[in-house]
Amino acid sequence: MKKFGTLPVFLTAISTILGAVMFLRFGFAVGQVGFWGTIAIILIGHAVTIPTAMAIAEIATNQKVEGGGEYYIISRSFGLVIGSTIGIALYFSQAISIAFYVMAFSEAFTSLIDWLTSTYAMPDWLFTLLQMKQTIGIPALLALTYIMLTKGANLGVKALYIVVVTLAISLIAFFLGTGGDLNTPDVVSTEFVQDTINNIDTTFFPQGDEVPIVEMNTSPPTSSTPDDSNPINKLGFFIVFAIIFPAFTGMTAGVGLSGDLKNPGKSIPLGTLAATIAGMVMYFFLAYKLHISASPESLMDTTHLVMADIAWQGWWLIPVGLAAATISSALGSIMVAPRTLQAIARDRIFPTPRVNNWLSLGKGKTDEPFNATLITIIIAGIFIFAGALDGVAQIISMFFMVSYGTLSLISFLNHFASDPAYRPTFKSRWYISLFGAIASFGLMFFMNPMYAFSAVLMIIVLYFLVSFYNKDKTSMAVIFQGVLFQFVRRTHVFLQNADKEQSKSWRPSAVAISEDTFKRLDAFNLMRWIAHQYGFGTYIHFIKGYLSKETNKIGKETKAQLIKMAESTNSHVIVDTIISPSFTSTVAQVIQLPGIAGTDNNLLLFEYPKDDLTQLDDLVDNFKLIRASAFDTIILGSSHRGFSFRKKIHIWITSKDYDNASLMILLAYIIMGHKDWRHSTINIFALFPEEKLEKERKKLIQLISEGQLPISPSNVEFIRIQEEESRTIISEKSKMADLTILGFNASTIKRTGVETFANYDELGNVLFVNAAVEKVIK
C-alpha cells in the first residue's frame, strides 16, 4: 500500500543536505576561501545538483517511478544492463553512506567523551574503548537496524520528523548566537591551526594525504573583523570544494522512497526541487553568519565544533543538532539503499535465481525489503568496524557524481531523441541537463583524478560482469534508439543540403536483389565484402507477390532472419525485404531507393545459379531499364564450389569490354580489403589481338602503377588470342580460381541474351561486370 506524500521526500532530502558536512567542515571552508570563495563553491556545487534535481523532476512527471528510485529511472532509460551497472554502484554508495553518517554521528559525542575521560578516573581499557568511534557507532547502527527491520520505513519517516525538528532548532540557535570573541584572531594560535590542518580527517579530503601549505602571516591584524585579503594557510580551491561538495548531494535521497509514495509524479519533483533550493539558500546564510561571527583561524580549527561556539546554548544544542543531522542522513540512506537492492534483484540481475528471489522478498502489506535491509546493515557494519573510510568515501562520492551525471544525461538524451512518448508535465531545458551532465563528470576529475579513474574502471568491470550473466537483457534501450534515429536523420539532411565537392574517385554504394537468399549465400557474402570498409551496401530480399496481410507478415519474419544473418557475420550491410508482383516492378522500385550515408546508389548486384540460366531471363529483359538509370551492374554466377578457399581472384580483360577494366580492378581490390580475403592475390589476364597487344600492355601497366593497386606486374599476363578462342582460354586458366571477374557490355546482351553468361561451367563463382561509364583509378 502506497502511503507517503511529498513531505517525506522533502525531509529526507533536506536532512541529508543539511547534514554532517555542514556541522563538521563548512566553517573550515569559510575560513579557507573566505565568504565569496564559499559562495563560489555553493554555486559550482549547485551547478551539478540543480540540473540533476530538475532532471529527476522531469523524468518523474513523465513516467511512473517504481521502487528503487534513481535506479528505476536509470535502468528504464538506459536499459537493464547499463542501468543495473550504475545501480549496483549506486547501491554500494548508499550502503556505505550509512557507515559514513554513523561515524559522523559519533563525532557529536566527542565533547561528552572528552569531559568523561578528563573528569573521572577509569581503567585503560575503558579509556581506549571510549576513544573508539565504534563505541558509539555500532550501537547506533544496531538501533537503526531494529527500527528498519521491525517497523520499516513508516517508523523511519516518523523518526525523520523528529530529527528534522531537532535540526531546525539547532540552526535557529546558531543564527541567534553572537560568537563572542571568536572573531579575534589570536584566540587560537596559528601553530595550533597549522597542526589542525595537517591532521584533518581525510574522510572529508578527496585530495590525497598531503595538504599544501601557504606561508602564514603571523602579524597582528589592524581590526577585529575578518580580513579575506590576508589569507592564512590557504588550500587549493578545488581541495576545499571536494571537502564541501558532499554537503550538497542529498537532493536525490528522497527519490528512493518512490515505491512508497502515493503520487511519485507529484511528490518527487516538488520534494526534490524544494529541498535543493532551500538547502542552497540555507548555505548562503550559513556562510555569511560564519564569516561575520568568527575569524578564519577559529573557523579552521576542526578539533571542536565552531558552530557550537557561535550558537546560543551551542554547547548542547549544536551537538544534538549534529547527532540529529547525521542520524537523519543515516535513516534516509537506510531507507533508500535496501529498496535499490530489492529493485535490482526483482529485475533478475544477480547470477542465480535463488539470490534474486531472496533479496527481492518483501515483508508485510508495505512490502518492506527485509532481506535487502539485512544485507545493507551488514555492509555498513563492516565499514564501521574497519574505521577508516578515507579512500572508500572518496570513491563512493565519485559513484554519486556518476549517478547525478547519468540522471542529467538521461534528461538531455530524451530531449534530443524527441520521442512522442516523452511528455513530462515539468520540463527542464536540454542545455541545463547537458550542462549538469558535463559538470558532474568533469568535477569528478577536478576533485581527484585518481579516484575518478578508479570509479570509472570499477563501473566498466561491473558492466562486463552484468553483461556476462544477463545476455538476455542486452537489447538497445529505446532512448539510445531515439538518439541514433535523430542523429542519422539530421546527418542525412545535412549531407543532402550540403554542397558536395565533386570527386572523380569511385566508391560503391551497392544494392543487391535476390529471391534465393536462403538457398545461396554467395550474393550476401559478396555484398558484405563490398560494404565492409570501402563501400556501402543494401541487401534486398525479393518476395514475389502482392502486398497483403500474409505477405507483410512473411516480409517481417524474413527481415528478422536477415538481421540475425547480418549480425552473425558481423557485416555492415543494411538488410530489408521488398514485396512485388514482378521482377520489373522490383527493379524499378530498388533503383529509386535513397542511398545510405548520404550517397546515391550507383551499383546493382544480381545473382543466379550457373546451372540454371533461365533465371537470367527477367534480368536480360529488364537490362535496358537498368542501363537507363546509369547504374553499374554486376551479376554473380554461383557455382557449387562457392568462393572456395578465397585465395585467388582472376580478372579477364578484352578489347571489347575495356571500359569495364577499371571497375573490375577496383571491385577486386575492395573485396581483398575484407579479412576473409586477406591472404588472396589478384591476377590479371589481358586478351588482345597481336596488333594491339603491345599498346594495351603499356596502357594497363600504367593504369595499375598510377592507381597504386596491390597487383604485382608479374601477376599481369598478356595473351595473344582471337575473340572466338577466349572462353576456352578463360576456362582453362581460371578453373582453380576462387573468383573470376569478367566484363560484358549492353550490345552483347542485346545480341546474345542469356548466352552471354553461358559456357563457363568449369569455373567457380563468376562475377560479370558492366560499367555505366568508365571509372578513373586515382
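Here the structure is shown first, and the text comes after it.
Residues numbered from 1 in each chain as written. Predicted model: local features only at pLDDT ≥ 70, side-chain atom pairs only at ≥ 80, totals over all residues. Heavy atoms only, no water.

Residue-level account of the overall build of the protein, with values.
Along the protein, the regular secondary structure elements total 28 helices and ten strands. Taking the contacts inside the protein whose residues are at least 6 apart along the sequence as the reference set, 83% of them involve residues at least 24 apart. A total of about 35,100 Å² of accessible surface is found on the protein, and carbon and sulfur atoms cover 60% of it. (Helix = DSSP H or I, 4+ residues; strand = E, 2+ residues; numbered from the N terminus. Contact = heavy atoms within 4.5 Å. Areas by Shrake-Rupley, 256 points an atom, 1.4 Å probe, with all protein chains shown as cover.)

Any chance you could break down the packing of aromatic side chains for me, citing the residues and the numbers?
One pass over the full model with this rule turns up 31 aromatic pairs. The interplanar angle of 55° and the centroid separation of 4.9 Å between the aromatic rings of Phe26 and Tyr283 together place this pair among those described as tilted. Of this pair, Phe26 sits in helix α2 (residues 20-60) while Tyr283 sits in helix α10 (residues 264-293); the two residues are 257 residues apart in sequence, bridging distant segments of the chain. Grouping residues by exposure puts Phe26 and Tyr283 together as buried. Relative to Tyr431, the ring of Trp430 lies with its centre 5.7 Å away and its plane at 80°, an arrangement referred to as edge-to-face. Tyr431 gets classed as partly exposed once you look at its relative accessible area, which sits at 48%. An aromatic cluster of three or more residues is present, and its members are Tyr608, Phe623, Phe744, Phe757, Tyr760 and Phe768. (Phe/Tyr/Trp six-rings, centres within 6.5 Å; stacked < 30°, edge-to-face > 60°. Buried < 20%, exposed > 50% of the residue type's maximum accessible area, 1.4 Å probe, protein only.)

Outline a negative patch on the surface, listing residues and values.
Residues Glu515, Asp617, Asp618 and Asp621 make up a contiguous surface patch of negative charge. Relative to the elements of secondary structure, Asp621 occurs in helix α23 (residues 617-621). (Patch = residues over 30% accessible without salt bridge, like charges linked within 9 Å, V, L, I, M, F, W, Y side chains within 5 Å. Salt bridge = Lys/Arg side-chain N within 4 Å of Asp/Glu carboxyl O. Lys, Arg positive; Asp, Glu negative; His and termini not counted. Charge placed at Lys NZ, Arg CZ, Asp CG, Glu CD.)

Got a sec to walk through the pairing of strand β5 (residues 632-638)? Specific residues and values, please.
Of all seven residues that make up β5, seven are buried, and the element is covered over most of its length. Burial of β5 is two-sided: the residues Asp632, Ile634, Leu636 and Ser638 facing one way and the residues Thr633, Ile635 and Gly637 facing the other way are all buried.

Could you give an account of unusual backbone geometry, with specific residues and numbers?
Non-glycine residue Arg348 carries a positive phi angle of around 60°. Relative to the helices and strands, Arg348 resides in the loop between α13 (314-346) and α14 (353-360). The partly exposed category is assigned to Arg348, whose relative accessible area is 33%. Positive phi values are uncommon outside glycine, yet Ala630 reaches one of about 60°. Mapped onto the elements, Ala630 comes out in the loop between α24 (623-628) and β5.

How would you explain the nonpolar core if you had to name every residue and give the values?
With 119 residues, the main nonpolar core has Phe26, Ile244, Tyr283 and Leu290 as its most contacted residues. Broken down by element, the residue count for this core peaks at 18 residues, all from α2. Not counting chain neighbours up to four residues away, the residues in contact with Phe26 comprise Val21, Thr38, Ile42, Ile244, Tyr283, Leu286, Ala287 and Leu290. Among the nonpolar cores identified, the runner-up in size contains 51 residues, and Ala512, Ala531, Ala668 and Leu767 belong to it. (Core = buried A, V, L, I, M, F, W, Y, C linked by side-chain atoms within 4.5 Å.)

I'd like a description of the pattern of salt bridges, backed by residues and values.
Applying the stated criterion across every chain, the model contains ten salt bridges. With a closest N to O distance of 2.9 Å, Arg520 and Glu607 form a salt bridge. With Arg520 in the loop between β1 (509-514) and α20 (522-530) and Glu607 in strand β4 (residues 603-609), this pair connects stretches of sequence that are 87 residues apart. Judged by its relative accessible area of 10%, Glu607 falls in the buried class. The salt bridge involving Asp632 is made with Lys775; its shortest N-O contact spans 2.9 Å. Of this pair, Asp632 sits in strand β5 while Lys775 is found in the segment after β10 (765-770), placing the two residues 143 residues apart along the sequence.

How would you summarise the side chain of Ser734 if you had to cite specific residues and measurements?
As for its position among the elements, Ser734 is in the loop between α27 (726-733) and β9 (739-743). With relative accessibility at 0%, the residue Ser734 sits in the buried group. Every residue in contact with Ser734, bar those within four places of it in the chain, is listed here: His650, Trp652, Phe685, Thr740 and Leu763.

Tell me about the packing of helix α1 (residues 6-17) against α13, residues and numbers included.
Following both chains from N to C, one finds α1 and α13 inclined at 130°, their axes separated by 8 Å at the closest point. Between α1 and α13, the crossing angle belongs to the class labelled oblique. Remark: the crossing between α1 and α13 carries left-handed chirality. Touching Thr12, Ser15 and Thr16 of α1 are Ala325, Ser328, Ser329, Gly332 and Met335, all from α13. Taken together, the residues of the contact of α1 with α13 break down into two nonpolar, six polar and no charged. (Axes fitted to C-alpha atoms, helices over the stretch in contact; angles between N-to-C directions. Parallel < 35°, antiparallel > 145°, perpendicular 65-115°, else oblique. Left-handed = near helix turned anticlockwise from the far one by under 90°. Nonpolar A, V, L, I, M, F, W, Y, C, P; charged D, E, K, R; others polar.)

Hey, could you go over the sheet that holds β9 for me, with residue numbers and the actual values?
The ten strands are arranged β3-β2-β1-β4-β5-β10-β9-β6-β7-β8 in an open sheet whose pairing can be described as mixed. Taken across any chain shown, the strands that pair with only one partner, and hence form the sheet edges, are β3 (573-580) and β8 (716-720). Put simply, the sheet's adjacent strands are angled 20° from each other on average, direction ignored. Across the sheet, helix α21 (residues 549-568) lies against β2 (536-544) and β3, angled at about 160° from β3, the strand it touches most. (Pairing = 2+ DSSP bridges.)

Outline the environment of Met458, supporting the account with residue identities and numerical values.
As for its position among the elements, Met458 is in helix α18 (residues 449-469). Each C-alpha atom, one on Met458 and one on Phe399, is 9.7 Å from the other, the two residues being 59 residues apart in sequence.

Break down α18 for me, citing the residues and quoting the values.
For α18, with 21 residues, the first-to-last C-alpha span of 31 Å sits near the 30 Å given by 1.5 Å per residue. Of the residues making up α18, those classed as buried are Tyr451, Ala452, Ala455, Ile459, Leu462, Val466 and Ser467. Angularly, the buried residues of α18 cover 145° about the axis, an arc narrow enough to put them on a single face. Along α18, exposed side chains directed more than 90 degrees from the buried face belong to Met450, Phe453, Leu457, Phe464 and Phe468. (Expected span 1.5 Å × (residues − 1). Arc of directions from axis to C-beta.)

How would you explain the pairing of β4 if you had to name every residue and give the values?
The buried fraction of β4 amounts to seven of the seven residues, a majority that puts the element mostly inside the structure. Every second residue of β4 is oriented toward a common face, with Leu603, Leu605, Glu607 and Pro609 on one face and Leu604, Phe606 and Tyr608 on the other, all of them buried. In this sheet, β4 lies alongside β1 in parallel orientation, the contact comprising three bridges. Its bridge partner being in β4, Ala512 is matched across the sheet by Leu605. Bridge count between β4 and β5: seven bridges; the pairing is parallel. Pairing of Tyr608 across the sheet is with Gly637, part of β5.

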